[in-house]
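Here is how the chains run, residue by residue.
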Amino acid sequence: MAAAGVIRTYDDFVKVHGILLAASGVPPSLHRQLFEKLSTDTFDGGQFFEVEAVEDGRQRRLVLTSDSMEKESRVFLVDHAWTFRLDDARKQIELRSEIVNIGYCFSNIGLKDIVCDILLEEVPGLAERMASLMCVDIDLTPDAEEQDNSAGVSDENGCKKNVLEIVESEICAAKQRGDDTVRWLELEELDMDDAMLLSLDLPSKFPNLLALSLCGNKLENAETVTHEIIKFKHLKALWLNDNAVIQNSDDHMADAIFEGCSSLEIYNSRFTCNFGEWALGFCGGIYGKDNSGCSHKTDHPLGSITFLDLSDRFIHNLINEAFSPAKMPSLSHLNLRGNPLDQNLVGELLQLLQGFTCLNALEVEVPGPLGESAVEILESLPNLSLLNGISRSKILESGKHVIDSMLQPRLPEWSSEEPLADRVINAMWLYLMNYRLADEEKIDETSVWYVMDELGSALRHSDEPNFRVSPFLYMPDGKLASAISFSILWPTQKVQKGDECTRDFLYGIGEEKQRSARLSAWYHTPQNYFVKQYENHKHKLQSTSFVSPPMKPSTTNSLLRKDGSALRVYTDIPPVEELLTRPEFVITSDPKDADIIWTSTQVDEEMKAAAGLTDQQYINQFPFEACLVMKHHLAETVQKAHGSPTWLQPTYNLETHLTHLIGEYYVRKRDGLDNLWILKPWNMARTIDTTITGNLSAIIRLMETGPKICQKYIERPALLKGKKFDIRYIVLVRSVDPLEIFLADVFWVRLANNQYSLDKHSFSEYETHFTVMNYRGKLNHMNTPEFVRVFEQEHQVKWLDIHLRAKRMIRSVFESAAVVHPEMQSPKSRAIYGVDVMLDCHFQPKLLEVTYCPDCTRACKYDMETIFGGGGIVKGCDFYNFVFGCLFLNETNHTSPL
């Protein structure tokens, strides 16, 4: 390599970045081009691409402007416009500053210092730039001044025509045709109010009208509108959309119109129960303004229809004389999306569709009115070649049951009063990407999130993308300290001028990793599917009944030796080594010589062999205790045993039960229930990578930073003087079968530092929503008796009642493990566990987690007066003395059997 490690040649570049190049997936043929652009800081995407606004300005897309681009022919640098740790997102946005030298400043003095949260140069405008990039800097409703107040229809010279002129124009046009009859009338967005409607006397002028559109006017009075409409005795279609009268009226107006206009087939874009040939002809392009269907030139007017779009017509019953293979023998493409079809059985509908022998393309919700499986639909309709735009062969090969190529994108929603920072925080999950830093020894505990620049962020998703993007760390000086992060963009297919450039948001993630469900982060996926899956899951849990393990006599004996010699204890936990002072035990530095191994390290067969441990030694771990101490296994264990007990919040392992979580989220949103959730890594402590959010896209995207559970947040916990708290109990386990467990008389409360709040700005405030202050924040210890006294006085409750409920819950937790995982039993195991409990606003205990080898610093540091049991003071220096006495000498001092 060149002197001082500076990269000067392509060979230097490859030597330093070889692993990163392989991980990025950039084709080797592009490595030299990548080096040249990185070394010259070349951002030339603007010469090849253009960003276009779509979705009425609420989204952007990237389009190729060069003539064409061959597969893997070019590589482009994409800047990172915003890079941050999740906890700092709101703070950085509200500081309204951005990192000029994109990426983080890297240091080589240790992994924990690699990412330096220092803004190299504060520049106003981060919130504005992100808001513009994410399309949340405009109001959804234009200002009144910007609206065209001179509503009307333009004549051939571009001049606006008022309603009277339009009416006269239609009458004259009918006379010129020679029939003197107007059958189709559109009076839309003319500021017509109820008085004007009456003055026009439309029924007298147009007695044979078949279709009338009054959309976008100022009609308000249901009685007036109904009185005029029912005078049209031949009306087939009526549109009153976007009039206040629709919002102001109930079903009585519609019923009165249906009764007065018995031939009506379309009402406000929806099919009525009387729909037939005319409505189908309208949707099939047969009938319209130029051909209203007043006279049929053929006995089979629908016979020429090949494409029929019935989407969002709110059809309840499709079985209809007009909708038949005999009437539409040439039908080849049918769209049934957005129709409940709830008056038809699945079998009836499939049998009806089987009769359309030319039908080769169908669009319908899956799951939906035709069943829950795309594969089963295709098996029932063998002539179909396309289902929801996806080929038959592709669906059958993948075995995908849920198919929808027409998903609508999630677009950010906001109010005009909402600050830009709030809009950005809500919308960013549609744009964020992430990576995690690592060296040879350790992976960083939290991920780095970033937003690509305007060009990169305009890349939309496709299951069949033509580009790929990958993050890349460039080290110009050959050292980590000089690293700068970019994203690399290159074509994976040949692209033509004008083509949209897309990437796969879930690259490398298939259905085995819940791909379809994870797309819900960016798209409105079929809610009915997720709701049904959730309801099935809920029913299964609710039908689970717990059977308590049979009572058995104790099988554990004291290990006290008859000759009085001490039990040798090996430990790597300093408080145990310092405070275990009973003469029955002696500390040894050699694990091979120990009778008892008390360690914070996982003891597996490999560790046993390395340390020379034997099966005759006692260990402070039970086999398969992961069923309790890993959060996803804990929830699974409890749910298998108890179903959904009131003391366990709804909990989902996102790696396996994302579908059920999404279903409950939709149900809670539908029913107007609170929808705040907390995400916790399976097996990390100190609330690392833990997030509180009510944003479904955020929940799904956070799966990318490691496996997690998603648990319903306790939004209304019991508080102490306005602050959140939880309780740490210590459980001592001698045996699993029979279950012998004890509760230490010593327990302690952990308090948040800030006043509790459900303001969304507070969710990232650690000292508001979290209580463990041993490692961050200020620790405010409160003696247990003082806590109980203050709590009882504030809430007028008896702590004994709460304590008894908590004891019953803790017993149930360990019974769950004993029943579901009897393999936990080991005669050579003794252990203590921390059980963290929170109270809801009704003072009911809620299980938070179970911790292996819990941090008992407070129990050792403070002398504590016991509330229950024998009472008295338990000195901190005696904590491990009574723990070891209970577990190994069969004593019960300062403990209570559960």
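Residues numbered from 1 in each chain as written. Predicted model: local features only at pLDDT ≥ 70, side-chain atom pairs only at ≥ 80, totals over all residues. Heavy atoms only, no water.

**A few points about the overall build of the protein chain**
Part 1: In terms of regular secondary structure, the protein chain is built from 29 helices and 43 strands.
Part 2: Along the three orthogonal principal directions, the C-alpha set of the protein chain runs to about 125 × 75 × 55 Å.
Part 3: Counting across all 898 residues of the protein chain, residues that qualify as buried make up 53%.
Part 4: Across the protein chain, every contact between residues at least 6 apart in sequence was considered, and the portion connecting residues at least 24 apart equals 70%.
Part 5: Of the roughly 40900 Å² that the protein chain leaves accessible, carbon and sulfur atoms contribute 49%.
Part 6: Side chains of the protein chain carry 89 positive and 128 negative charges; the gap between the two charge centres is 5 Å. (Helix = DSSP H or I, 4+ residues; strand = E, 2+ residues; numbered from the N terminus. Buried < 20%, exposed > 50% of the residue type's maximum accessible area, 1.4 Å probe, protein only. Contact = heavy atoms within 4.5 Å. Areas by Shrake-Rupley, 256 points an atom, 1.4 Å probe, with all protein chains shown as cover. Lys, Arg positive; Asp, Glu negative; His and termini not counted. Charge placed at Lys NZ, Arg CZ, Asp CG, Glu CD.)

**Focus: the sheet that holds strand β12 (residues 270–271)**
To summarise the sheet geometry, strands pair through backbone hydrogen bonds and adopt either a parallel or an antiparallel arrangement.
Part 1: Across the sheet, five strands lie side by side as β8-β9-β10-β11-β12; this open sheet has mixed pairing. On the outer flanks of this sheet lie β8 (184–186) and β12, each paired with one strand and no other.
Part 2: One ladder, built from two bridges, connects strand β11 (residues 266–267) with β12; its direction is antiparallel. Bridge pairing in β12 links Ile266 to Phe271. (Pairing = 2+ DSSP bridges.)

**Regarding the pairing of strand β38 (residues 748–755)**
Part 1: The element β38 is extensively covered by neighbouring structure, given that six of its eight residues are classed as buried.
Part 2: Direction of pairing for strand β36 (residues 723–735) relative to β38: antiparallel, over a ladder of five bridges. For Arg728, the partnering residue across the bridge sits in β38 and is Trp748.

**Quick word on the packing of helix α26 (residues 784–795) against helix α27 (residues 799–820)**
Part 1: Direction vectors running N to C along α26 and α27 enclose 110°, while the axes themselves pass 10 Å from each other. The orientation of α26 relative to α27 falls into the category roughly perpendicular. Listed contacts from α27 to Phe787, Val788, Phe791 and Glu792 of α26 are Trp799, Leu800 and Ile802.
Part 2: Broken down by class, the residue content of the contact of α26 with α27 amounts to six nonpolar, no polar and one charged. (Axes fitted to C-alpha atoms, helices over the stretch in contact; angles between N-to-C directions. Parallel < 35°, antiparallel > 145°, perpendicular 65-115°, else oblique. Nonpolar A, V, L, I, M, F, W, Y, C, P; charged D, E, K, R; others polar.)

**Focus: helix α4 (residues 126–133)**
Part 1: Buried within α4 are the following residues: Leu126, Ala127, Met130, Ala131 and Leu133. An end-on view of α4 places all buried positions within 165° of arc, on one side of the element. (Arc of directions from axis to C-beta.)

**Some remarks on the confidence of the model for the protein chain**
Part 1: Scored by pLDDT, the protein chain comes out at a mean of 89, with 90% of its residues at no less than 70.
Part 2: For residues 140–152, every residue scores under 50 in pLDDT, and the model assigns this stretch 14 contacts once sequence neighbours within four places are set aside. (pLDDT = per-residue confidence, 0-100.)

**Some points on the pattern of salt bridges**
Part 1: A complete count under the given rule lists 41 salt bridges for this structure.
Part 2: Glu664 is the salt-bridge partner of Arg668, the closest N and O atoms lying 3.6 Å from each other. One end of the pair, Arg668, and the other, Glu664, are both in helix α23 (residues 658–670), four residues apart, so they sit about a helical turn from each other. Taken as a pair, Arg668 and Glu664 share a single burial class, namely buried.
Part 3: Overlapping salt bridges bring together Glu664, Arg668, Asp674, Lys712, Glu715 and Arg716 as one network. (Salt bridge = Lys/Arg side-chain N within 4 Å of Asp/Glu carboxyl O.)

**A closer look at the pairing of strand β20 (residues 448–452)**
When a strand is regular, its side chains alternate between the sheet's two faces.
Part 1: Among the five residues in β20, five count as buried, and that is most of the element.
Part 2: Burial of β20 is two-sided: the residues Val448, Tyr450 and Met452 facing one way and the residues Trp449 and Val451 facing the other way are all buried.
Part 3: With four bridges joining them, strand β5 (residues 80–84) and β20 adopt antiparallel strand pairing. The partner of His80 across the bridge, within β20, is Met452.
Part 4: By the bridge criterion, three bridges tie strand β19 (residues 433–435) to β20 in an arrangement that is antiparallel. Directly across from Tyr435, in β20, lies its bridge partner Val448.

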